Amino acid sequence: MTAFRETAFRETAFRETAFRELSVEKRIKTLQNEGAIDESDATFLLKQLAESSDATIPADVANCMIEHQIGKYTLPVGVVRGLIINGETRNVLVATEEPSVIAAACNGARIAAMSIEGCIVANSPQYVTTAQIAFENTDGNVAAQLREIVEDSGKVEELLRIANESHPSMMKRGGGARKCRAVALNGFAKLEIDVDTCDAMGANTVNTMGEAVKAQLESWLGVEALAAILTNTSRVATTAEVHIPAAALASTRLENLDERESEGKRLARRIAALSALAASDTARAATHNKGILNGIAGAALASGNDTRALEAAAHAWAARSGRYLPLSTWKTEVLNEQTILHGRIEIPLQIGIVGGSISSLPMAQLAIKIGKYKNTNDFRNTLAALGLVQNLAALRALASSGIQAGHMKLHASNLAIAAGAKGDEIVKIAHNLLQLTTAERTTEKVAQLLKQLRESDKN
């Protein structure tokens, strides 16, 4: 590792440790001083710390967003720091209940910052959202008629016109229906329409277009359609990759460079082996991919996106070969006599930065602002990079001390909260729990510790 990388290694670790140890108020102030948020954003976040939750979702807005609304559900929102993508450093807001997600992502981002490229390199192709109008096709006649329709340029032009006129605002933004396809299935047939939804995820837009086209197709075919709805799959995916010197994987506690290099090589080999295991075992691949989605789904949730659609598309992509596979791969390489860990992720990300709940939720708008996402592809690149470093951190933990050591350390606070600890009690109980063995950290023990603490405070 060069002297420059060594210095960067220590400085990055120091910065993130310092940020973690700040109070919530001081973290907000730090983001303001860095220019990530302005004074009004800081005031908004500080307001969330008060008892009133109107800063998150105003009561009148919440009542209009869903049916039978009776309350508001709150999750902690944290910030992943130091994630460098294509040369730009991002602050990524993540909403999650799992203690280790953000800590792991920050650790993975720290390691990725020491890569050969100095960042994660990500790329997104042009995405479309697809509507499908499906028909029963027992005798093959409907499939034949649909093929004739898509081969007739006049009829294709008519279908695209109908689709675009059903939602003219999309055309005004430069998007709209672009292409039609006929697809024959076993006992079914469908017409697919690709729609450029610009910077919106566009589910409602595409469903509206699909239903408008459905009426015309039924008229031409003389057959009632089975359904008209968007599909949550994608034919393209966002990629992100990184090349990490093995030494960067070693513990920061190892000061000797030879020891760090040796430990890094061991971890790189084991991470590559875990990646190969995921490619061989569906059971491991499912957990591997869940770890990738930890950060991605949390960032999508914080930004007001549809996490279920995103995850459905990711799992469909993982199974597109007919066998469920990992969304990322890790392998070791040798470059200039140096061992390198090469990681790559490929994942479809049907998300937006405008429209729907994104435009009505204050926190979602702030998530887009803090991330400085210029367009949907910019956001996709960030999400793919986030998934890659999340995966890196998880595999590194598995390859070394195991996943539970760091996770349970962070989970101790949750155990204290569940037992009813408040304020400073949470920190004290969590500290006491960490002095015990894992087997001793029971709910009964937590209750006992809390009772003892409160009795001690009275005396």
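Check the entry above for the structure.
Residues take numbers from 1 onward in each chain, read along the sequence in its written order. Selection of residues for local features in this predicted model requires a pLDDT of at least 70, selection of side-chain atom pairs for listing and counting requires 80 or more, and totals for whole chains, interfaces and linings are taken over all residues. Hydrogens and water molecules were not included; the side-chain quantities draw on all heavy atoms of the structure.

Student: Is there a simple way to explain the overall build of the chain in this structure?
Tutor: To qualify as a helix, a DSSP run of H or I must reach at least 4 residues; to qualify as a strand, a run of E must reach at least 2; elements of each kind are numbered from the N terminus. The number of helices and strands found in the chain is 17 helices and 10 strands. Buried, partly exposed and exposed residues are distinguished by accessible area as a fraction of the type maximum, computed with a 1.4 Å probe on protein chains only: under 20%, between the cut-offs, and over 50%, respectively. Considering the chain as a whole, with its 459 residues, one finds that 46% of them fall into the buried category. We call two residues contacting when some pair of their heavy atoms lies within 4.5 Å. In the chain, once contacts between residues fewer than 6 apart in sequence are set aside, the share between residues at least 24 apart is 71%. In these tables, accessible area is a Shrake-Rupley quantity obtained with a 1.4 Å probe, and a residue counts as shielded only by the protein chains included in the view. For the chain, the accessible surface area stands at approximately 22600 Å², while carbon and sulfur atoms represent 52% of it. Distance from the positive charge centre (49 side chains) to the negative charge centre (51 side chains) of the chain: 5 Å. Neither His nor the chain ends is counted toward charge; the positive residues are Lys and Arg and the negative residues Asp and Glu. The atoms used to mark charge sites are NZ of Lys, CZ of Arg, CG of Asp and CD of Glu.

Student: Where do I start with the sheet that holds strand β5 (residues 176-184) in this structure?
Tutor: By definition, the strands of a sheet pair up through backbone hydrogen bonds, in either a parallel or an antiparallel sense. DSSP calls a pair of strands paired once it identifies at least 2 bridges connecting them. Spatial ordering of the open sheet is given by β5-β6-β4-β7, a layout of 4 strands whose pairing is antiparallel. Only two strands of the sheet have a single neighbouring strand rather than two, namely β5 and β7 (227-231). Going from strand to strand, the sheet's axes swing by 25° on average, the running direction of each strand aside. On top of the sheet, helix α6 (residues 141-151) reaches β4 (129-136), β5 and β6 (188-196); it is set at about 145° to β5, its chief contact. Axes here refer to lines fitted to C-alpha atoms; in helices the fit is confined to the stretch in contact. Angles between the N-to-C directions go from 0 to 180 degrees. Most of the contacts of helix α7 (residues 153-165) go to β5, to which it runs at about 125°, and overall it touches β5 and β6.

Student: Honestly, unusual backbone geometry in this entry has me stumped. Any pointers?
Tutor: Apart from glycine, the bulk of residues carry a negative phi angle, and the bulk of peptide bonds sit in the trans form. Although it is not a glycine, E337 sits at a positive phi angle of roughly 65°. Its identity is not glycine, yet K372 carries a phi of approximately 55°, on the positive side. With respect to the helices, strands and loops of the structure, K372 is situated in the loop between α13 (362-371) and α14 (376-399).

Student: I would appreciate a short explanation of the sheet that holds strand β9 (residues 328-335) in the present structure.
Tutor: With respect to topology, 4 strands assemble into an open sheet ordered β3-β8-β10-β9, the strand pairing being antiparallel. Each having just a single partner strand, β3 (121-123) and β9 make up the two edges of the open sheet. Adjacent strand axes in the sheet meet at a mean angle of 15°, parallel and antiparallel pairs treated alike. Sheet topology note: the β9/strand β10 (residues 338-347) ladder contains 8 bridges and is antiparallel. Among the inter-strand pairings, S328 is bridged to a residue of β10, identified as I345. Contacting β9 and β10, helix α10 (residues 257-280) crosses the sheet at an angle of about 140° to β9.

Student: Where do I start with the pattern of salt bridges in this structure?
Tutor: Salt bridges are defined by distance alone: a side-chain nitrogen of Lys or Arg within 4 Å of a carboxyl oxygen of Asp or Glu. Taken as a whole, this structure holds 20 salt bridges when the rule is applied. K374 is the partner of E88 in a salt bridge, and the nearest nitrogen-oxygen pair spans 3.2 Å. Remark: K374 occurs in the loop between α13 and α14 and E88 occurs in strand β2 (residues 88-95); sequence separation between them is 286 residues. Here K374 falls in the exposed class, since its relative accessible area comes to 53%. As a salt-bridge pair, R161 and E158 come within 2.6 Å of each other at their nearest N and O atoms. With R161 and E158 both in helix α7 and 3 residues apart, the pair spans about one turn of that helix. You can call R161 partly exposed: its relative accessible area is 36%. Under the relative-accessibility criterion, E158 is labelled partly exposed at 26%. Members of the salt-bridge network, linked through shared partners, are R181, K190, E192, D194 and R235.

Student: What's the story with the packing of aromatic side chains in this structure? I'm lost.
Tutor: Note on aromatic pairs: each is described by the distance of the centres and the angle between the planes. Here a Phe, Tyr or Trp ring, Trp counted by its six-membered ring, pairs with any other such ring whose centre lies within 6.5 Å, and the pair is stacked when the planes are under 30 degrees apart, edge-to-face when over 60, and tilted otherwise. Scanning the entire structure with this criterion turns up 1 aromatic pair. A cation over a ring is seen here: K155 above W220, with NZ or CZ 5.1 Å from the ring centre. Each ring is checked for a lysine NZ or an arginine CZ that lies within 6 Å of its centre and within 35 degrees of its normal; such an atom marks a charge sitting over the ring. In this structure, R380 packs its charged tip against the face of Y127, placed 3.7 Å from the ring centre.

Student: Explain the packing of α7 against helix α9 (residues 203-221) here, please?
Tutor: For any two helices packed against each other, the geometry is given by the interaxial angle and the distance between the axes. Here α7 crosses α9 at 140°, and the two axes come no closer than 8 Å. One finds that α7 runs oblique with respect to α9. Relative to α9, the crossing made by α7 is right-handed. Where α7 approaches α9, its residues K155, E158, L159, I162, A163 and N164 are matched on the opposing element by M209, A212, V213, Q216, L217 and W220. Polar here means any residue other than Ala, Val, Leu, Ile, Met, Phe, Trp, Tyr, Cys and Pro, which are nonpolar, and Asp, Glu, Lys and Arg, which are charged; Gly is therefore polar. Here the contact of α7 with α9 is composed, by residue class, of 8 nonpolar, 2 polar and 2 charged. Oblique is the label for every angle not falling under 35 degrees (roughly parallel), over 145 degrees (roughly antiparallel), or within 65 to 115 degrees (roughly perpendicular). Each helix crossing is assigned a hand: it is left-handed if the near helix lies turned anticlockwise from the far helix by less than a right angle, otherwise right-handed if that turn is clockwise.

Student: Help me understand the nonpolar core, please; the structure alone is not making it clear to me.
Tutor: For soluble globular proteins, the rule of thumb is that nonpolar side chains tend to be buried together. Of all hydrophobic cores here, the largest spans 59 residues; its most connected members are L83, I120, L249, W330, I347, L349 and L386. Looking at this core, the element that brings in the most residues is α14, giving 10 residues. If we skip the residues at most four places from it in the chain, L386 touches V80, L83, V92, V94, A105, G295, I296 and A299. Counting residues in each nonpolar core, the second largest holds 29 residues, with F135, A143, L159 and V195 among its members. Note on terminology: a nonpolar core comprises buried Ala, Val, Leu, Ile, Met, Phe, Trp, Tyr and Cys residues joined through side-chain atoms within 4.5 Å.

Fair warning: the whole summary comes from geometry, so function is off the table for now.
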